[in-house]
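# Understanding the architecture of this molecule
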Amino acid sequence: MAMIVSAATALPPHRLRQDELREAARAVFDGKIDGLNRYISVFDTGLIEERYFAVLPDWYERPRSFGERNDLFIKEATRLGATAAAECLDRGQIPRQRVDYLIFVSSSGIAAPSVDVDIVEALGLRQNVMRVPIFGLGCAGGAGAIRLAGTIIRGDPAATVLIIAVELNSLTFQPDDLSKQNLVATSLFSDGAAAVAVQGDKAGSGVLDLSRSFAQLIPGSRELMGWNVVDHGFKVVFSTRVPVVVGELMPSVLEALGLDGFLDDFILHPGGRRVLEAYCTVLGKDRKAFQSSYDVLRWYGNMSSATVLFVLADRMVRCPGASGSESILAAFGPGFSAEATRLRWL
């Protein structure tokens, strides 16, 4: 049995209200985007009230190179990742030396050696910990790491797997990208880190059993979401079709996990307002069924891979499910792809 033992989150220092961010975006794009007032309304209709960032908007008052952005990513990702991981291990009462595998997830910066090397040193983990860095899964990364952790534990039931997801989307902002998709992304994405500890039943006891997992890739759909690498870093690819495709994928996800239509417990990535509305429509539920997802979007925005783990941490702390009840943890990301795990509350 693979079990989620604990989860924790960490946030960068700068908290900004959505109206502040709207005006910052207006200052950047005013006179450059035709019909800006019409498009900038996405800041007011996205259900987000505030978000957290590693840098303030004035950091972009002068051009920033890819190298400068990435150097800051490595520094801040190490700090945030180690903070979330330390809290996660403390909550689960797991000694640092008990961590056997470290899965590090991020798609907003790059490093070789990967950032988890610095986190291992910061946390004092064993030097022979098995490191698994994951790049490129985007918003699906946190859910993909949960699936991978379950696979590892089933083959090594005495092991402890530590998942760390860190995203610093503010460092990818391209002020010279005048596309509507960049403006939408600017209204939505934010920074944060989350950590989850997963153990086998020969290592300890947990809160959630990872009973079955599923992944699906849609051929020929890479244009829906991701990055284009340009001279100054990552340029966002973000299609308005994403919520529609998410809605189309959900029934096959539930069927593959063996879940019937009566499931009432959901831990889903809140990709944005329209994605949450797609969940409600396809699953035939009102927004109360996805309250933690709505709350995370409202107070933190979309932190890519870390977001679904924020939803998980919120559920575990504020409103855990009844013993024996079942849930689904799922997220969707570049590829276009789905990552999902069937859970049972212990």
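Small disclaimer: the values here were computed from a predicted structure and weren't measured.

### Considering the pattern of salt bridges
Working definition: two side chains of opposite charge can pair if their charged atoms are close together. Following the criterion strictly, the structure yields 21 salt bridges and no others. One salt bridge in this structure joins Arg-96 and Asp-90, with 3.3 Å as the shortest N-O distance. The partner of Asp-100 in a salt bridge is Arg-126, with the nearest N and O atoms 3.1 Å apart. Highlighted residues: Asp-100 in the loop between α4 (66–91) and β4 (101–105) and Arg-126 in the loop between α5 (116–123) and β5 (130–134), separated in sequence by 26 residues. Bridged by salt links that share partners, the residues Arg-22, Glu-23, Arg-26 and Asp-44 form one connected network.

### Description of the packing of aromatic side chains
One pass over the structure, following the stated rule, counts 11 aromatic pairs. Aromatic side chains Trp-59 and Tyr-60 sit 5.0 Å apart centroid to centroid with 90 degrees between the ring planes, which places their arrangement in the edge-to-face category. Taken individually, Trp-59 and Tyr-60 each receive the classification buried, so the pair is uniform in this respect. Relative to Phe-290, the ring of Phe-266 lies with its centre 5.0 Å away and its plane at 45 degrees, an arrangement referred to as tilted. Of this pair, Phe-266 sits in strand β11 (residues 266–268) while Phe-290 is found in the loop between α9 (273–283) and α10 (291–300), placing the two residues 24 residues apart along the sequence.

### Side note on unusual backbone geometry
In this model, Ala-112 is joined to Pro-113 through a cis peptide bond whose omega is 5 degrees. Note on placement: Pro-113 falls in the loop between β4 and α5. The step from Gly-335 to Phe-336 runs through a cis peptide bond, and the omega angle for that step is -10 degrees. Within the secondary structure layout, Phe-336 lies in the loop between β12 (326–333) and β13 (337–345). Positive phi, close to 70 degrees, is recorded for Leu-47, a residue that is not glycine. With respect to the helices and strands, the residue Leu-47 is situated in the loop between α3 (42–45) and β3 (50–53). According to the relative accessible area criterion, Leu-47 is partly exposed, its value standing at 33%. Look at Gln-93: it is not a glycine, yet its phi comes out positive at around 55 degrees. As for its position among the elements, Gln-93 is in the loop between α4 and β4.

### Notes on the sheet that holds strand β1 (residues 2–10)
If you walk across this open sheet you meet the 9 strands as β5-β4-β6-β7-β1-β8-β13-β12-β11, and the pairing is mixed. The open sheet has two edge strands with one neighbour each: β5 and β11. Taken over all neighbouring pairs, the strand axes of this sheet differ in orientation by 25 degrees on average, direction set aside. Strands in contact with α4 are β1, β6 (160–168) and β7 (191–200); relative to β1, the strand with the most contacts, it is inclined by about 130 degrees.

What counts and what doesn't
Residues numbered from 1 in each chain as written. Predicted model: local features only at pLDDT ≥ 70, side-chain atom pairs only at ≥ 80, totals over all residues. Heavy atoms only, no water. Salt bridge = Lys/Arg side-chain N within 4 Å of Asp/Glu carboxyl O. Helix = DSSP H or I, 4+ residues; strand = E, 2+ residues; numbered from the N terminus. Phe/Tyr/Trp six-rings, centres within 6.5 Å; stacked < 30°, edge-to-face > 60°. Buried < 20%, exposed > 50% of the residue type's maximum accessible area, 1.4 Å probe, protein only. Pairing = 2+ DSSP bridges. Axes fitted to C-alpha atoms, helices over the stretch in contact; angles between N-to-C directions. Contact = heavy atoms within 4.5 Å.

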